[in-house]
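One letter stands for each residue in the lines below.
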Amino acid sequence: MADNPTESGAAVDDLKAAGLMIYGANGYTGTLIAERAAERGLTPILAGRSEGPVRALAERLGLPWRVFDLKAVGDGLAGVSTVLMTAGPFSKTAEPMVRACMAAGANYVDITGEIAVFEALHAMDNEAGAAGIVMLPGAGFDVVPSDCLAAHVHRRLPDATRLSLVIGGLDDVSRGTAKTMLEGVAMGTAVRRGGRIVTLDEPPRGSVDLGGGVKPTVGVSWGDVSTAYHSTGIPHIDVYFEASEQMEKAMGMPPLVRRFMGSALGQWIGRKAIDRMPPGPTAAVRETARAVLLADAENDKGERAASELETPEGYKLTAMTALEAALRVDRGEVQPGFQTPSKAFGPDFVMGFAGVVRRDL
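Residues numbered from 1 in each chain as written. Predicted model: local features only at pLDDT ≥ 70, side-chain atom pairs only at ≥ 80, totals over all residues. Heavy atoms only, no water.

Participant: Could you give me a rundown of the pattern of salt bridges, with the residues and numbers involved?
Facilitator: Two side chains bearing opposite charge may form a pair once their charged atoms approach each other closely. One pass over the structure, following the stated rule, counts 20 salt bridges. Between E59 and R55 there is a salt bridge whose closest N-O contact spans 2.9 Å. Of this pair, E59 and R55 both sit in helix α3 (residues 51-61), four residues apart, which is roughly one turn of that helix. The exposure class of R55 is partly exposed, given its relative accessible area of 38%. The shortest N-O distance in the salt bridge between E308 and R359 comes to 2.7 Å. (Salt bridge = Lys/Arg side-chain N within 4 Å of Asp/Glu carboxyl O. Helix = DSSP H or I, 4+ residues; strand = E, 2+ residues; numbered from the N terminus. Buried < 20%, exposed > 50% of the residue type's maximum accessible area, 1.4 Å probe, protein only.)

Take a look at the structure:
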């Protein structure tokens, strides 16, 4: 049964989401989504490239399963109407799966936060439209809450030309997220200027009070540098994180060290270190932690609109939003082609999930 008005519906319950596939289901976030689907009585196909973990999860949840590699999809998508892709890094996995989805006539939804992936898929908009499929990347914490918040402040200030997003409460990450972050360690900080994405050698810095006192912030290459522009058309966009001790250390690495970490050897060493990390936040953290996001829009007259959004912990929210987005896409509620969450479902999509609160400042 649905636990709030946004999630589920009679049509979905009747169909049991039998045409939905969760690929990468045995990963940290994929498992959370699969468990949530099973709790709702849905029967998506669980899939991945490693038979042991995929089969074990499917048998535990009583769900169907398949195993195939993205280099040889073959009949892996037979009978599938929508793929919810949770296997990253998406810089390597998104395009092969999208191509397979186009060939199979299946919609594509993922939980990426990678700017380059958003931009690559946006460039495939016409191809997806011609194939009659939806491409909706970023259906998790990155970027559902921030994209919806950006669209909300743009709704309040339609002629905004500058947008600043600040995100706090992301202290724990999964191994997959850490590996994605590792890939970008030597790339500088991406921002949007005059409608174009540019890279700054040094991250911009600032400060913010998200309810716990004034704390420093640091600019990051977050997905909204891509998606907020496609959702709102605002030409100047910056994204900041409330700076944690770990982030300060990473940003404070000398340029030579950062270049080494971007090399093949540095990446190999980094991935090995990440593999020794816990798989992700514990169940206790997921149930108690909160995230806070601030969007501040300004027009050329100096008028401003700012709003704050408080959400459940990021991975908990991802399990909610990604599954619901995939179900809505699977029901045919979204136009074919490239979509952002707020373009597909509106700025208030995030408000339908339990524990989400928005305040206009």
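Participant: Can you lay out the pairing of strand β10 (residues 205-209) for me, pointing to particular residues and giving the numbers?
Facilitator: With five bridges connecting them, β10 and strand β11 (residues 214-219) associate as antiparallel partners. Counterpart to D209 in the pairing with β11 is V214. Connecting β10 to the antiparallel partner β11 that follows it, the hairpin turn spans four residues, and G211 within it adopts a positive phi of roughly 110°. (Pairing = 2+ DSSP bridges.)

Participant: Would you mind going over the packing of aromatic side chains in detail, with residue names and values included?
Facilitator: A full pass over the atoms with the stated rule returns five aromatic pairs. Considering the side-chain rings of F345 and F349, the 4.6 Å spacing of their centres and the 35° angle between planes classify their relative orientation as tilted. Through successive ring pairs, a cluster of aromatic residues spans F345, F349 and F353. (Phe/Tyr/Trp six-rings, centres within 6.5 Å; stacked < 30°, edge-to-face > 60°.)

Participant: Please set out the pairing of strand β14 (residues 304-312) residue by residue, giving values where relevant.
Facilitator: Across the nine residues of β14, seven count as buried, placing the element largely inside the fold. Hairpin connection from strand β13 (residues 290-298) to β14: five residues lie between these consecutive antiparallel strands, with G302 at a positive phi of about 85°. One ladder, built from four bridges, connects β14 with strand β16 (residues 357-360); its direction is antiparallel. The residue of β16 that forms the bridge with L309 is R358.

Participant: Help me get a handle on the nonpolar core, residues and values and all.
Facilitator: One finds Y23, L77, M85, M97, Y108 and L163 to be the most contacted residues of the largest nonpolar core, which totals 92 residues. Element by element, the count of residues in this core is highest for helix α14 (residues 314-330), at ten residues. Every residue in contact with Y23, bar those within four places of it in the chain, is listed here: A47, G48, R49, F68, D69, L70, V83, L84, M85, T86, A87 and M97. Of all hydrophobic cores here, the second largest spans six residues; its members include V166, L210, V292 and L294. (Core = buried A, V, L, I, M, F, W, Y, C linked by side-chain atoms within 4.5 Å. Contact = heavy atoms within 4.5 Å.)

Participant: Run through the packing of helix α7 (residues 144-156) against helix α9 (residues 224-232), naming residues and quoting values.
Facilitator: Packed helices, taken two at a time, are described by the angle between their axes plus the distance between the axes. Where α7 meets α9, the closest approach of the two axes is 9 Å, and the angle between their N-to-C directions is 40°. Taken together, the axes of α7 and α9 are oblique relative to one another. Where α7 crosses over α9, the handedness of that crossing is right-handed. Listed contacts from α9 to S146, D147, A150, A151 and H154 of α7 are D224, T227, A228, S231 and T232. Taken together, the residues of the contact of α7 with α9 break down into three nonpolar, five polar and two charged. (Axes fitted to C-alpha atoms, helices over the stretch in contact; angles between N-to-C directions. Parallel < 35°, antiparallel > 145°, perpendicular 65-115°, else oblique. Left-handed = near helix turned anticlockwise from the far one by under 90°. Nonpolar A, V, L, I, M, F, W, Y, C, P; charged D, E, K, R; others polar.)

Participant: So what's going on with the sheet that holds strand β6 (residues 134-136)? Residues and values would help.
Facilitator: Read from one edge of the open sheet, seven strands run β3-β2-β1-β4-β5-β6-β15, paired in parallel fashion. In this open sheet, the two strands that pair with only one neighbour each are β3 (65-67) and β15 (337-338). Here strand β5 (residues 107-110) pairs with β6 via two bridges, running parallel. Considered in β6, the bridge of V109 is made with L136. Where α14 meets the sheet, it contacts β1 (20-23), β4 (82-85), β5 and β6, and its direction lies at approximately 160° from that of β4.

Participant: Please set out the environment of T86 residue by residue, giving values where relevant.
Facilitator: Inspection of the secondary structure assignment puts T86 in the loop between β4 and α4 (90-104). The exposure class of T86 is buried, given its relative accessible area of 11%. Here the alpha-carbon distance between T86 and T29, two residues 57 residues apart in the chain, equals 6.9 Å. At 3.0 Å, the side chain of T86 and the backbone oxygen of G24 are in polar contact. (Polar contact = N/O pair within 3.5 Å; in protein donor to acceptor, adjacent residues only side chain to side chain.)

Participant: Give a description of the packing of helix α2 (residues 28-39) against α14 that names residues and reports values.
Facilitator: Look at α2 against α14: their axes get within 9 Å of each other, and the N-to-C directions meet at 60°. As judged from the angle between their axes, α2 and α14 are oblique. Crossing of α2 against α14: the hand is right-handed. Residues Y28, T29, L32, I33, R36 and A37 of α2 form the contact with α14, whose participating residues are Y315, T318, A319, M320, A322 and L323.

Participant: Break down the environment of Y240 for me, with residues and values.
Facilitator: Checked against the element boundaries, Y240 lands in strand β12 (residues 236-242). Spatially, the C-alpha atom of Y240 lies 9.8 Å from that of L293, the residues being 53 residues apart in sequence. Setting aside anything within four residues of it in sequence, one finds Y240 in contact with S164, L165, V166, I167, P204, R205, G206, T217, V218, G219 and V220.

Participant: Break down a nonpolar patch on the surface for me, with residues and values.
Facilitator: A grouping of L265, W268 and I269 is seen on the molecular surface, where their side chains present a nonpolar patch of about 310 Å² in accessible area. With respect to the element layout, W268 can be found in helix α12 (residues 264-275). (Patch = residues over 30% accessible without salt bridge, like charges linked within 9 Å, V, L, I, M, F, W, Y side chains within 5 Å. Areas by Shrake-Rupley, 256 points an atom, 1.4 Å probe, with all protein chains shown as cover.)

Participant: A description of unusual backbone geometry should follow, citing residues and the corresponding values.
Facilitator: Along the chain, G88 connects to P89 via a cis peptide bond; the corresponding omega equals -5°. Note that the residue after D142, namely V143, is joined by a cis bond; omega there is 20°. Here V143 is to be found in the loop between β6 and α7.

So far we have only geometry, and geometry alone does not tell us how the molecule works.
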